[in-house]
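One-letter residues, chain by chain:
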Amino acid sequence: MGVLLFTGGTVVTPDGSFGADVLIEDEKIVAIGAEISADGVETVDASGKFIMPGFVDAHTHMDMPFGGTVTADDWETGTAAAVAGGTTTIVDFALQDEGGTLAEAVEAWTEKARNKALTDYGFHVAITDLRDDTKAELSSLADKGVASVKIFMTYKGTPLYTKDDDLFEALQLSKEASVLVLVHAENGDVIQKLIEQALVRGDTAPRFHALTRPPEVEAEATGRAIRLAQVAGAPILVVHVSCAPALEEIHRAHERGQMVYAETCPQYFAFSYQDLAREGFEGAKYVCSPPLRDESNREPLWNGLKVGDLQIFGSDHCSFNYKAQKELGIDDFSKIPNGLPGVEERAMALWTLGVREGKISENQFVALLSTNQTRIYGMYPRKGALVPGADADIVLWDPEISITATVENRHGNVDYTPYEGMTFKGGPASVYMRGTLIYKDGEIMGEHGSGRFIKRSFVPPSMKSALV
Ligand code: URP
Ligand code: ZN
Ligand code: ZN
């Protein structure tokens with residue numbers, strides 16, 4: 001790997017955009033400035049392009065058992081899709097087995113990623129079994145470079161479901177353990193009841209997935225989790241916020257000064273309940289939790305991103321094939337595995353629907369996809385920043401590229417794309433990870449196994465510094 005000089009591009013950071021050259025050497029950024037000259041460098045012409053820090057997607061599910069099956073993308077195909085979307089680091093959910101330890105979850109995920117990852121990566125641990133020894137083990141996660149855990153308030157009837165007392169205790173313990181608790185906020189008890197009632201009525205089609213998980217059950221659980229965090233005196237992060245009523249709970253918490261971070265995802269902007277209600281079983285392609293909402297939720301969510309109530313835009317990439325996987329629920333929507341692919345489309349969807357439509361700026365785009373993620377998840381400034389000393393993870397973003405998504409041109413391993421036929425305007429022309437070109441003009445150039453584990457440490461950023 002040599003010395004590279006990017007010339008003629010526009011550097012984009014959360015604080016502003018400016019014309020500058022970027023010099024990288026030995027995996028790191030060494031200088032940013034006007035007309036840098038250096039001997040023996042290879043020059044990369046970045047004119048007409050935005051130079052952005054590599055995107056970070058801290059919400060993926062690769063090679064994960066879920067809903068009676070395993071996600072269609074493993075670390076080889078899932079990180080290929082990530083790279084094609086400009087993502088150079090993912091943070092994936094290592095699932096604790098029932099009866100297993102947190103350390104075993106990390107070991108299992110380390111094996112899954114080994115020799116396969118094209119991006120750098122970290123892990124959250126998804127807690128499924130909060131026994132006394134699990135509670136004691138929480139404090140050892142930080143030493144392993146694992147700075148966050150996820151708790152599910154929903155999926156009742158599976159090991160993922162966690163009761164309030166356990167969520168509360170995890171929040172209390174998280175402070176001592178220096179880990180951030182991420183919460184999937186939907187009221188699992190009420191959803192379970194609504195599902196039972198729907199099935200008794202014979203309402204089995206995919207759209208009943210949304211009708212049995214109304215916005216109010218997400219809002220109620222969001223408010224409850226936030227209040228439990230307040231009592232515990234702990235920060236909390238609400239993942240995959242889908243609707244205005246849940247966002248209102250987050251906004252209220254911010255008004256009273258509580259440390260609540262929050263994420264939303266591309267599917268809540270690109271699709272709606274109407275997709276779930278498609279003819280026949282087609283709606284199964286759009287089953288995820290929280291579910292797709294009606295379009296009235298979109299403007300409030302855009303506003304949440306704009307004003308900083310939502311600081312993170314993650315994909316929640318959790319892919320299942322239509323054939324044999326989504327089809328598990330052909331006679332019963334509650335058996336359709338939950339999740340959509342989106343790691344490849346995340347940035348292009350945010351640019352096309354957000355930046356081009358004037359909803360957010362290019363600087364907010366970088367904050368939401370990269371810098372805020374690394375600040376909150378404990379990788380800043382090694383990742384998410386174009387500053388000397390940072391890893392040379394760089395996206396050359398071409399605002400003029402036009403890509404129409406179709407299953408044939410996706411880089412993952414799914415037999416459909418929910419984005420079929422959707423045209424994105426703006427995308428990555430080339431992607432560098434630690435100074436190495438890993439993607440150019442539609443082609444993956446990186447080597448499987450070149451991704452490295454990134455140790456993270458959670459130091460709660462103030463709400464102000466995590467704001468875009
Ligand atoms: O539908 C979803 N979101 N599947 C992935 C698991 C989760 O809850 O994040
Ligand atoms: Zn979730
Ligand atoms: Zn998820």
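Criteria and thresholds
- Residues numbered from 1 in each chain as written.
- Chains lettered and ligands numbered in written order.
- Predicted model: local features only at pLDDT ≥ 70, side-chain atom pairs only at ≥ 80, totals over all residues.
- Heavy atoms only, no water.
- Donors = N, O, S within 2.8 Å, 3.2 Å for Na, K, Ca; no water.
- Helix = DSSP H or I, 4+ residues; strand = E, 2+ residues; numbered from the N terminus.
- Buried < 20%, exposed > 50% of the residue type's maximum accessible area, 1.4 Å probe, protein only.
- Near = heavy atom within 4 Å.
- Polar contact = N/O pair within 3.5 Å; in protein donor to acceptor, adjacent residues only side chain to side chain.
- Areas by Shrake-Rupley, 256 points an atom, 1.4 Å probe, with all protein chains shown as cover.
- Nonpolar A, V, L, I, M, F, W, Y, C, P; charged D, E, K, R; others polar.
- Core = buried A, V, L, I, M, F, W, Y, C linked by side-chain atoms within 4.5 Å.
- Contact = heavy atoms within 4.5 Å.

Asks: What is the right way to look at the coordination of the zinc ion (ligand 2) in this model?
Replies: Four donors placed tetrahedrally around a metal ideally meet at 109.5 degrees, and six donors placed octahedrally ideally meet at 90 or 180 degrees. Every protein donor of the zinc ion (ligand 2) is accounted for by Lys150 (NZ), His184 (ND1) and His240 (NE2), and the metal-donor separations fall at 2.1 to 2.2 Å. Sequence positions of the residues that donate to the zinc ion (ligand 2) give the spacing K-x33-H-x55-H. The distance between the zinc ion (ligand 2) and the zinc ion (ligand 3) comes to 4.0 Å. One end of the pair, Lys150, is in strand β13 (residues 148-152); the other, His240, is in the loop between β15 (236-238) and α8 (244-255), with 90 residues separating them in the sequence. Since its relative accessible area comes to 1%, Lys150 is described here as buried. Using a relative accessible area of 1% as the deciding quantity, one classes His240 as buried.

Asks: Is there a simple way to think about the site of ligand 1 in this case?
Replies: Neighbouring ligand 1 are 13 residues; Lys150, Tyr155, His184, Ser289 and Asp316 lie closest to it. A distance of 3.0 Å is found between an oxygen atom of ligand 1 and a side-chain nitrogen or oxygen belonging to His184. Contacts to ligand 1 include Gly339, whose backbone N or O atom sits 3.3 Å from an oxygen atom. Bound to the protein, ligand 1 loses 99% of the 270 Å² it would expose on its own. Residues that form the shell around ligand 1 fall into these classes: four nonpolar, seven polar and two charged.

Asks: How do you make sense of the nonpolar core when you look at a structure like this?
Replies: As a rule of thumb, nonpolar side chains are buried together in soluble globular proteins. With 111 residues, the main nonpolar core has Met52, Trp75, Leu167, Leu171, Val241, Phe365 and Trp397 as its most contacted residues. Examining the composition of this core, we find that seven residues originate from one element, helix α7 (residues 215-232), more than from any other. The residues touching Leu171, leaving out its near neighbours within four places in the chain, are Val181, Ala225, Leu228, Ala229, Ala232, Ala234, Pro235 and Ile236. In terms of nonpolar packing, the next biggest core, distinct from the first, is built from 17 residues, Leu180, Val239, Met379 and Phe458 among them.

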